[in-house]
Amino acid sequence: MAGGDDGGGKIDGGTVIENIAVEGIGNGKPPSPTEEPTHPPAPAALSKSAQKKLLKQQRYEAKKAEKKAQAKEQKKKEVERKRKEWEEALAAVPEEERLKLLESRKALRKERMEQRSEEKNAKFERLSRAREQGQKIVIDLEFSDLMTTSEIHSLVQQIMYCYAVNGKCETPGHLWLTGCLGEMETQLRTLPGFDKWIIEKEARSYIVAFEGQKENLVYLTADAETVLDELDASKVYIVGGLVDRNRFKGITLKKAEEQGIQTAKLPIGNFLKMSSSQVLTVNQVMEILLKYLETRDWKEAFFQVIPQRKRCEADPAGDGEVEEEGDEQPSESKRKCTEVPSS
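Keep in mind it's a predicted model, so treat the numbers as computed, not measured.

Colleague: In this structure, what is going on with the overall build of the chain? I would like to understand it.
Modeller: Summing up its helical and strand segments, the chain has 8 helices and 6 strands in all. Beginning at the N terminus, the succession of helices and strands in the chain can be written as α-α-β-α-β-α-β-α-β-β-α-β-α-α. By the burial criterion, 38% of the 343 residues in the chain qualify as buried. The contacts of the chain with a sequence gap of at least 6 include a subset with a gap of at least 24, amounting to 76%.

Structure representation (structure tokens):
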């Protein structure tokens, strides 16, 4: 379910990550003068494979930043070009025509502002209704200490996208952010308008926030044995946010089991076969849940949200094989993956 590397971030199996306890901190007594003070072990050196992955990620981030700067500069030039064209158009017509053009433009701006205001009010009404009766969906943020600053940034961008998509839905969910502390909270507060979001922002854990409702908590994780048939309005579905570059496989399922709460996985395998693992980003999982709330059709939700590079498509020649994105040569691990036939 949740996880993967699309969009730069993922969650492990759709569940949140556990807080790893540090063992051997001591027995509360100071060391004797003859005892050597204990020190935490030095971090293990990265393997060659890990170093290559890190270098690849750094190059990706640098290229991404460069493209963003180029797009910003291009947008600036486009705005300037249109401004000049408008000024030249006004200068080329008689005064009477010029006044008409200015009046027309003023009316158009007013119409657009009214339309935006109507859309904003409609969005506010939908999200306010969802707050009272919408499906509760939690994104757990209790693990920012396990991520780098850039990984946290990737997750924050995904959360921003989740909120935007939810606001556009005709049947939005009631979104929660729990464990919103530290660097995660700091970066979230840099988002434009974050303080005005119609969303629950909790510094507390979901366990505490939903105290007395433990039986209704359901962790979504690709590692779960139970398949989620449908969304139950009485349940609280938890999507764990973790950008970990596959460092913490299976950790979210382990946490859910230790907390004694239900787990489930999206029924992806019932409708399509993936070209890789069933690991999706936070925003992909959120969008699938929201699309299901709208259509009540898992197949429709999966095919509208999951990108083609992560799912297998039938080959025009009939062999049904797909090539992983980024492979320059055909991979020996290519699989024959097609839509799962209906039973």
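Colleague: What should I look at first to understand the sheet that holds strand β1 (residues 136-140) in this one?
Modeller: Paired through backbone hydrogen bonds, the strands of a sheet run either parallel or antiparallel to each other. An order of β3-β2-β1-β5-β4-β6 is seen for the 6 strands of this open sheet, with the pairing classed as parallel. Single-partner strands in this sheet number two, and they are β3 (200-201) and β6 (262-264). Here strand β4 (residues 217-220) runs beside strand β5 (residues 236-240); their pairing, made up of 3 bridges, is parallel. Looking at the pairing, Tyr219 lines up with Ile238 of β5. Here helix α3 (residues 149-168) sits on the sheet in contact with β1 and β2 (174-178), set at roughly 165 degrees to β2.

Colleague: Could you clarify how one ought to interpret the pattern of salt bridges in this entry?
Modeller: Side chains carrying opposite charge are able to pair once their charged atoms draw close together. In the structure shown here, the tally under the stated rule is 11 salt bridges. A salt bridge links Glu142 to Lys255; the nearest nitrogen and oxygen atoms lie 3.0 Å apart. In this pair, Glu142 is assigned in the loop between β1 and α3 and Lys255 in helix α6 (residues 251-259), connecting sequence segments 113 residues apart. Notably, a salt bridge pairs Arg189 with Glu185, separated by 3.3 Å at the nearest N-O pair. It is possible to trace a salt-bridge network through shared partners that takes in Glu78, Arg81 and Glu85.

How each quantity is defined
Residues numbered from 1 in each chain as written. Predicted model: local features only at pLDDT ≥ 70, side-chain atom pairs only at ≥ 80, totals over all residues. Heavy atoms only, no water. Helix = DSSP H or I, 4+ residues; strand = E, 2+ residues; numbered from the N terminus. Buried < 20%, exposed > 50% of the residue type's maximum accessible area, 1.4 Å probe, protein only. Contact = heavy atoms within 4.5 Å. Pairing = 2+ DSSP bridges. Axes fitted to C-alpha atoms, helices over the stretch in contact; angles between N-to-C directions. Salt bridge = Lys/Arg side-chain N within 4 Å of Asp/Glu carboxyl O.

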